[in-house]
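Residue-level structural notes
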Amino acid sequence: MRYRLTFIAGLALGYVLGTRAGRERYEQLRKAARQFAQNPAVRNTAETAAQQGRTYAGKAVHTVADKVGDHVPDSVAQRVRSLRDRSADGSAGDDWGTSTT
């Protein structure tokens, strides 16, 4: 699904950059994209998907760490431990400064 969305975004960007319709058409597309992104249903769906992604990523980190165990370099093991500790503490942010609530 991610690749499909990336392709669609690239296609839209290529159209906008390659169009000869001029500034007016560009502004129409930009306005439509902004309205779409500000739609409450779209925002709620995006937040739900992001939350589910964080949940599954957290489960994957624990599963991989448990299965791999001591077969990873110390630097990776330390990072996994820090992620595990952070998720146990229930901190509200991630490495990119976004909210996990």
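Attention here is on the structure that accompanies the text. (Residues numbered from 1 in each chain as written. Predicted model: local features only at pLDDT ≥ 70, side-chain atom pairs only at ≥ 80, totals over all residues. Heavy atoms only, no water.)

**Some remarks on the overall build of the protein**
Tallying secondary structure elements over the protein gives 4 helices and 0 strands in all. Order of helices (α) and strands (β) in the protein, N terminus to C terminus: α-α-α-α. Considering only residue pairs separated by 6 or more positions, the protein has 23% of its internal contacts joining residues 24 or more positions apart. Surface accessibility of the protein: about 8600 Å² in total, with carbon and sulfur atoms responsible for 58%. (Helix = DSSP H or I, 4+ residues; strand = E, 2+ residues; numbered from the N terminus. Contact = heavy atoms within 4.5 Å. Areas by Shrake-Rupley, 256 points an atom, 1.4 Å probe, with all protein chains shown as cover.)

**Quick word on a nonpolar patch on the surface**
On the surface, M1, L5, F7, I8 and L11 cluster together to form a nonpolar patch covering roughly 590 Å² of accessible area. Looking at the secondary structure, you find L11 in helix α1 (residues 2-18). (Patch = residues over 30% accessible without salt bridge, like charges linked within 9 Å, V, L, I, M, F, W, Y side chains within 5 Å. Salt bridge = Lys/Arg side-chain N within 4 Å of Asp/Glu carboxyl O.)

**Quick word on the pattern of salt bridges**
Applying the stated rule across the entire model yields 2 salt bridges. Linking E47 and R54 is a salt bridge whose minimum nitrogen-to-oxygen distance equals 3.2 Å.

**A short note on helix α3 (residues 40-68)**
Between its terminal C-alpha atoms α3 stretches 41 Å, which fits the 42 Å expected from 29 residues at 1.5 Å a residue. Where α3 begins, the capping side chain belongs to N39, and its oxygen is found 3.0 Å from the backbone nitrogen of A41. (Expected span 1.5 Å × (residues − 1). Polar contact = N/O pair within 3.5 Å; in protein donor to acceptor, adjacent residues only side chain to side chain.)

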